[in-house]
Amino acid sequence: DPLAQTLRRRVTFIVVPMMNPDGVFLGNYRCGLFGLDLNRQWGDPRPWLAPENYHIKNLLKSLGEDPGISLDFVIDLHAHSTAMNAFCFANLLEDELPRMQAELAFLRTLDANCRMFSFSSSRVCCDPTKHGTGRRAIPEVVEAHTHCYTLEVSFFGYQTVGSRPIAFTQQSFIEVGRQTGIS
């Protein structure tokens, strides 16, 4: 794919394929080996309790501090067990209108490019109970221009206006990833 080749020439992608292999092995999608929801351990992860979060957060911090690197996006990928479509959670940046517009521009572009993504299902908030999530805690250790999102994709499928629900397939998951990169 020529577009994919262009993206790989211009953009460095750092992918953590599965952050919770121990928990998944034990039958838990959200909880790690010690029974903690890893998505709530980003605020102050302990290396012995949430080593995955600890090491990834330190990697992102070192990338954010490197003057030779522009860390533009951090996208935390999740599967959603109850909602339909692909959608995002983004941070509400009060008193930062240009930055907030840039946050929303990515979501709108993804909505225009990907039929499985729903801008209207996406949420922009600064709920204090979500402080331990990656999208809320990672901005504390990266540069101010870095956009942080949680991209949720339904276990089930997607539904466009006026259509019946369509089940996600491996190909449709790949397409969500492709369109995220393009957007």
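Residues numbered from 1 in each chain as written. Predicted model: local features only at pLDDT ≥ 70, side-chain atom pairs only at ≥ 80, totals over all residues. Heavy atoms only, no water.

Enumeration over the complete set of coordinates arrives at zero disulfides. You can see Cys-125 has no disulfide; the closest cysteine sulfur is in Cys-126, sitting 6.9 Å from it. For Cys-125, a relative accessible area of 23% puts it in the partly exposed group. (Disulfide = S-S within 2.5 Å. Buried < 20%, exposed > 50% of the residue type's maximum accessible area, 1.4 Å probe, protein only.)

Within the structure shown, the criterion is met by eight aromatic pairs. Ring geometry for Phe-155 versus Phe-156: centroids 6.5 Å apart, planes at 85 degrees, classification edge-to-face. Since its relative accessible area comes to 43%, Phe-155 is described here as partly exposed. Classification of Phe-156 as partly exposed rests on a relative accessible area of 45%. (Phe/Tyr/Trp six-rings, centres within 6.5 Å; stacked < 30°, edge-to-face > 60°.)

Attention shifts here to the pattern of salt bridges. Considering all chains together, one arrives at four salt bridges under this definition. Asp-1 is the salt-bridge partner of Arg-178, the closest N and O atoms lying 2.8 Å from each other. On the criterion of sequence distance, the pair formed by Arg-178 in helix α6 (residues 170-182) and Asp-1 in the segment before α1 (2-10) is long-range, its members being 177 residues apart. Exposure remark for Arg-178: the relative accessible area of 33% places this residue in the partly exposed category. What makes Asp-1 partly exposed here is its relative accessible area of 47%. One salt bridge in this structure joins Asp-37 and Arg-30, with 2.9 Å as the shortest N-O distance. Judged by relative accessible area, Arg-30 falls into the partly exposed class, the value being 44%. (Salt bridge = Lys/Arg side-chain N within 4 Å of Asp/Glu carboxyl O. Helix = DSSP H or I, 4+ residues; strand = E, 2+ residues; numbered from the N terminus.)

Our next topic: the nonpolar core. Residues Leu-107, Phe-117 and Val-176 are the most contacted members of the largest nonpolar core, which totals 18 residues. Listing elements by their share of this core, those giving two or more residues are β2 (86-91), α4 (97-113) and β4 (147-154). Per-element accounting of this core gives the leading share, five residues, to α4. Within the second largest apolar cluster, ten residues are counted, among which are Trp-42, Ile-56, Leu-60 and Val-142. (Core = buried A, V, L, I, M, F, W, Y, C linked by side-chain atoms within 4.5 Å.)

Now for a nonpolar patch on the surface. On the surface, a nonpolar cluster with roughly 540 Å² of combined accessible area is contributed by Met-18, Val-24, Tyr-29, Phe-155 and Phe-156. You can see Phe-156 is positioned in the loop between β4 and β5 (157-158). (Patch = residues over 30% accessible without salt bridge, like charges linked within 9 Å, V, L, I, M, F, W, Y side chains within 5 Å. Areas by Shrake-Rupley, 256 points an atom, 1.4 Å probe, with all protein chains shown as cover.)

The subject of this paragraph is unusual backbone geometry. For Asn-85, which is not a glycine, the phi torsion comes out positive at approximately 75 degrees. On the secondary structure map, Asn-85 appears in the loop between β1 (73-80) and β2.

What follows is about the sheet that holds β2. The strand order across the open sheet built from four strands is β1-β4-β2-β3, with neighbouring strands paired in mixed fashion. Each edge of the sheet is formed by a strand with only one pairing partner; in this case those strands are β1 and β3 (123-125). The average angle at which neighbouring strand axes cross in this sheet is 20 degrees, direction not considered. Where β2 meets β4, five bridges bridge the pair, whose relative direction is antiparallel. Note on β4: the bridge partner recorded for Cys-88 is Leu-151. On the sheet, α4 packs against β1, β2, β3 and β4 and is oriented at approximately 30 degrees with respect to β4. Against the sheet, α6 makes contact with β1, β2 and β4, and its axis sits at roughly 160 degrees relative to β4, the strand it touches most. (Pairing = 2+ DSSP bridges. Axes fitted to C-alpha atoms, helices over the stretch in contact; angles between N-to-C directions. Contact = heavy atoms within 4.5 Å.)

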